[in-house]
Amino acid sequence: MGHCILLILAALFSVASTQFIPPYTEDCRAEMYPPKGPTFKGGVSWYTVDLDVPPSKRWTAVITDKKTDLVNMIQAIKDLANAFVPSGKLIELVDITLPLMVETLPDPFGDEIKGIAAVSGVPLGEVVLFNIFYEVFTVCTSIVAEDDKGNLIHGRNLDFGLFMGWDVKNKSWIISEKLKPLVVNLDFKKNNQTLFKSTNFAGYVGMLTGIKPHLFTLTMNERFSLDGGYIGILEWILGKRDGMWMSFLTRSVLENANSYEEAKTLLAQTKLLAPAYFILGGNQTGQGCIITRSRLLSLDILEIDLKLGRWYVLETNYDHWKEPLFLDDRRTPAMKCMNQITQKNISLKTLYDVLSTKPVLNKLTTYTTLMQVSEGKLESYIRDCPNPCMPW
């Protein structure tokens, strides 16, 4: 027993040490934009989601195009579940119980999920499971920065799939790779006018990354906590439904809030199913913040403050007033690169360089999104981290 513990500790120490040793880490990247080379896996297609049509019909075009990729993704999840519970009972439970859960979801999300299941042919319970995943498994890096002219830019790497099936042969996470073909850019329209834009995974109705053009930008990162998403989801299933799903809240804010301050208030004060970090950027100088949330309340709001020399805010998955986990320090290399760039030289181009530097870019990274609120711009790129590269 003692020997096993020593082996585990040795492995953890090895991983912890590796993240600071080349080639698993590197000097800050430069001239990576426009995206090219081995870290760029492809562009992202645009689709329109018409909010004036019935919820069950809104995702038809997206799912029709991405049906095969969604089926492959769901099958990968089932394969992982069956590896843990070989009897198949776990997926059987999903197919029986989770369809009941869709009736409890707030409008319009339940009907949208039903529509996705109908178009894709994927069982309803498995589409519900696909949408629940992001409440508990997202690992990311988000940055809001203000340049020396007062323009605000917002970038993020969406990292997903930690501990969800390591492909030994290809040295990659199975779920992360299956998600990449599902990445889409969405233009949500009402009365034939763009209301907001988002980068999403086809089949997922919540929002993790989005922009309300000329008003604000928003990303969400997972916050690890003992009082985490699992507890909130369990409470929901058992009938306690006074909290809001994180990604449903972000979508609601993108759809309904009409200013940075209104968005900040909603994100800080709405009760949640899971703890989270909301990274919000506005359209005026100083409007950039990290909202650190428990399920019940806002614990802290860290804002851009030029008087203090704080021209950017940066969040991975750890409270900014604490040291990151020694096994997973993406914050330090990201801040090093931001400080080297300086406020004078920050732009979408140089922000992409930061998000392309290992270990900020890692084996979990599915896409990078760049947003500029003043221009209403959102652009996204599917990423790859060629070997050697940190698993997270």
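Residues numbered from 1 in each chain as written. Predicted model: local features only at pLDDT ≥ 70, side-chain atom pairs only at ≥ 80, totals over all residues. Heavy atoms only, no water.

## Looking at the state of the cysteines
Following the criterion strictly, the structure yields two disulfides and no others. One disulfide bridge connects Cys-28 with Cys-337, the sulfur atoms lying 2.2 Å from each other. When the S-S torsion is -95°, as for the bridge of Cys-28 with Cys-337, the disulfide is left-handed. Residue Cys-28 is located in the loop between helix 1 (2–18) and strand 1 (40–43), and its partner Cys-337 is located in helix 10 (residues 331–341); the two are separated by 309 residues in the primary sequence. The exposure class assigned to Cys-337 is buried, which follows from its relative accessible area of 3%. The side chain of Cys-385 participates in a disulfide bridge whose partner is Cys-389; the two sulfur atoms lie 2.0 Å from each other. An S-S torsion of about 100° defines the bridge between Cys-385 and Cys-389 as right-handed. (Disulfide = S-S within 2.5 Å. Helix = DSSP H or I, 4+ residues; strand = E, 2+ residues; numbered from the N terminus. Buried < 20%, exposed > 50% of the residue type's maximum accessible area, 1.4 Å probe, protein only.)

## Focus on the sheet that holds strand 12 (residues 288–293)
Taken in spatial order, the eight strands make up an open sheet running 2-7-8-9-10-11-12-13, and their pairing is mixed. Strands with a single pairing partner mark the edges of an open sheet, and in this sheet they are strand 2 (46–50) and strand 13 (298–303). Taking the axes of each pair of neighbouring strands and ignoring which way they run, one obtains an average angle of 20° across the sheet. Note: strand 10 (residues 216–222) against strand 11 (residues 276–281), six bridges, orientation antiparallel. Bridge pairing links Met-220 to Phe-278 in strand 11. Docked against the sheet, helix 8 (residues 246–256) engages strand 7 (183–190), strand 8 (193–201), strand 9 (209–212), strand 10 and strand 11, running at close to 175° with respect to strand 10. (Pairing = 2+ DSSP bridges. Axes fitted to C-alpha atoms, helices over the stretch in contact; angles between N-to-C directions. Contact = heavy atoms within 4.5 Å.)

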